[in-house]
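Per-entry structural report
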Amino acid sequence: MDYSAYACPRCPGAEGDPGVLDVIYDYDAVAFDWRQTPLSETERRDVFRYLPVLPVDHVGALLQPGGTPLVSAPRLGASLGAEIWLKDETRNPTRCLKDRATAIAVTIATTLGHRELYCASPGNAAISLAAFCASQDLGCHVFVPRDLSPVRRAWLERFNADVRIGSGPYDDAYAEAEAIGRTAGWYSRNCALNPFLVEGKKTVAYEIFEAMPGAVPDMVVSPVGDGCTLAAIGKGFRELYSLGRIDRLPQLVGVQAESHAPLVHRREGALPVPSNAEGTRAVSIAVRRPRNAIRLLQELDHSKGIMIAVSDREIDNAYRRLAQKAGAVVEFSTAATLAGLTVLARLSSVKGKTIVLVLTGGRVES
Ligand SMILES: *Cc1c(COP(=O)(O)O)cnc(C)c1O
């Protein structure tokens, strides 16, 4: 496979989006493969279970992300009259969905003979990369924002990563990473640039599909930063549709913090965002120049999706309800899912709907 193409040469690069390419498969061949060896006979439970729809032909990571449970949350659903399920990504090796992309990054990097990898991240992708690199003796260079929390820094230090503290927020760390990492010839674990990595994230959709035999959720809700995660999940469902496994697509619901809501602004028909919010504690999604905007906006079109902005107060409230009504401890950014759904339920009924909240991360700050 040719792993050299990343961005579309014809894309305008609007607002920082480089026009990340998409990986397309021979879906007839995949359908044929899965008729010969049905998924139910596949022994692996991690992301590599879905090898025929991944851009790699072997397993090159030791840690095993994916295979996370879909947990029922009837007490959360009761007040909304909806059926709520939690896709518990906090069970991944480093407590975050990011591990799914890292497994692909490490596999491709080692295939190409790279021994050094890098990424820019508000924390979770960096910690994920650091853990995977530690487990197989690869060099790990991470570029993080200046205000990285002590908890996140401690995780990076545990894995002995080369930590480069940036001069400003994540958007600046991203530019610094690309300048240094590319020149050094390290392998990029930036989903916002490298199109192969989100293929790992899309396996969330395949797992939801397998956990709900015969049913498709009405909505899938995820926090949104660069847009890679929700776009990948949307792609996963579209592939299942192309493969004839499902007969409709779930509506994608993306949630951003009011202070960092560029994709809410760019989504047609979205509600106006209050402009008084200055900062947010939702650091994992505090992105001002989303690198995967085009991809996510397209996926939202396919699924008649919605973008919602929420305040930190709403996230805080959702954070407590997730713990008190579902026994789920998540990181602050992740609680934006329930906050977004709560706002949505006030605007239009979600009664009778089947809704999956993607609990993207579980690393709490204290
Ligand atoms: C990275 C991340 C997201 C959002 O992912 P994007 O691909 O940047 O949109 C959401 N929640 C958590 C916990 C994350 O780490």
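Residues numbered from 1 in each chain as written. Predicted model: local features only at pLDDT ≥ 70, side-chain atom pairs only at ≥ 80, totals over all residues. Heavy atoms only, no water.

Glancing now at the overall build of the protein. Within the protein one finds 13 helices and ten strands. Its C-alpha atoms give the protein a radius of gyration of 19 Å, near enough to 21 Å, the size a compact globule of 366 residues would have. When its C-alpha atoms are laid out on the principal axes, the protein stretches across 55 × 50 × 40 Å. When each of the 366 residues of the protein is scored for burial, the buried share is 58%. At a minimum sequence separation of 6, the contacts of the protein that also span at least 24 residues come to 72%. Accessible area of the protein: about 14,900 Å², with a carbon and sulfur share of 50%. Across the protein, 41 positive and 41 negative side-chain charges occur, with their mean positions spaced 5 Å apart. (Helix = DSSP H or I, 4+ residues; strand = E, 2+ residues; numbered from the N terminus. Rg over C-alpha atoms; globule rule 2.2 N^0.38 Å. Buried < 20%, exposed > 50% of the residue type's maximum accessible area, 1.4 Å probe, protein only. Contact = heavy atoms within 4.5 Å. Areas by Shrake-Rupley, 256 points an atom, 1.4 Å probe, with all protein chains shown as cover. Lys, Arg positive; Asp, Glu negative; His and termini not counted. Charge placed at Lys NZ, Arg CZ, Asp CG, Glu CD.)

Attention now moves to the packing of aromatic side chains. According to the stated counting rule, one finds seven aromatic pairs in the structure shown. Summarising the aromatic geometry, the rings of tryptophan 34 and tyrosine 206 are spaced 6.1 Å apart at their centres and angled 65° between planes, so their arrangement reads as edge-to-face. Pair noted here: tryptophan 34 is in helix α1 (residues 27-36) and tyrosine 206 is in helix α8 (residues 203-211), with a separation of 172 residues, a long-range link. Just as tryptophan 34 is buried, tyrosine 206 falls in that class too. Look at tyrosine 50 and tyrosine 206: their rings are 5.3 Å apart centre to centre, the planes differ by 40°, and that puts the pair in the tilted class. Here tyrosine 50 is found in the loop between α1 and β1 (70-72), whereas its partner tyrosine 206 is found in helix α8, with 156 residues between them in sequence. Neither residue differs from the other here; tyrosine 50 and tyrosine 206 are each classed as buried. Members of the aromatic cluster, each reached through a chain of ring pairs, are Trp34, Tyr50 and Tyr206. The ring of phenylalanine 332 carries arginine 281 above its face, with NZ or CZ at 4.1 Å from the centroid. (Phe/Tyr/Trp six-rings, centres within 6.5 Å; stacked < 30°, edge-to-face > 60°. Lys NZ or Arg CZ within 6 Å of the ring centre and 35° of its normal.)

As a matter of local geometry, the ligand sits amid 17 residues, with Lys98, Asn124, Gly225, Gly227 and Thr360 nearest to it. Glycine 227 is positioned such that a nitrogen or oxygen atom in its backbone is 2.8 Å from an oxygen atom of the ligand. Here the ligand, which alone exposes 380 Å², has 95% of that area covered by the protein. Taken atom by atom, the bulk of the ligand overlaps the largest cavity. Along the lines of polarity and charge, the residues of the shell around the ligand split into five nonpolar, eight polar and four charged. (Near = heavy atom within 4 Å. Polar contact = N/O pair within 3.5 Å; in protein donor to acceptor, adjacent residues only side chain to side chain. 1 Å grid on protein atoms, 1.4 Å probe; cavity = no way out; pocket = protein on both sides within 12 Å on 5 of 7 lines; lining within 4 Å. Sits in = over half its atoms within 2 Å of the grid points. Nonpolar A, V, L, I, M, F, W, Y, C, P; charged D, E, K, R; others polar.)

Further remarks concern empty space enclosed by the protein. Within this structure, the stated rule accounts for three cavities of 30 Å³ or more. Taken as a whole, the largest cavity holds about 360 Å³ of empty space. Lining the largest cavity are 31 residues, and of these Lys98, Lys201, Asp226, Thr229 and Ser284 sit closest to its centre. Residue assignment for the lining of the largest cavity shows that the elements contributing at least two residues are α4 (124-135), α6 (170-184) and α9 (228-242). Here the lining of the largest cavity gets three residues from one element, more than from any other, and that element is α9. In terms of residue class, the lining of the largest cavity is built from 15 nonpolar, eleven polar and five charged. The calculated volume of the second largest cavity comes to roughly 40 Å³. (Points joined across faces, edges and corners; volume = space filled by probe spheres on them.)

It is worth spelling out helix α13 (residues 336-347) at this point. Helix length check: α13, at twelve residues, gives a terminal C-alpha distance of 17 Å against a target of 16 Å (1.5 Å per residue), a fit within 8%. The buried fraction of α13 amounts to nine of the twelve residues, a majority that puts the element mostly inside the structure. Here α13 has its buried residues at Ala336, Thr337, Leu338, Ala339, Gly340, Leu341, Thr342, Val343 and Leu344. (Expected span 1.5 Å × (residues − 1).)

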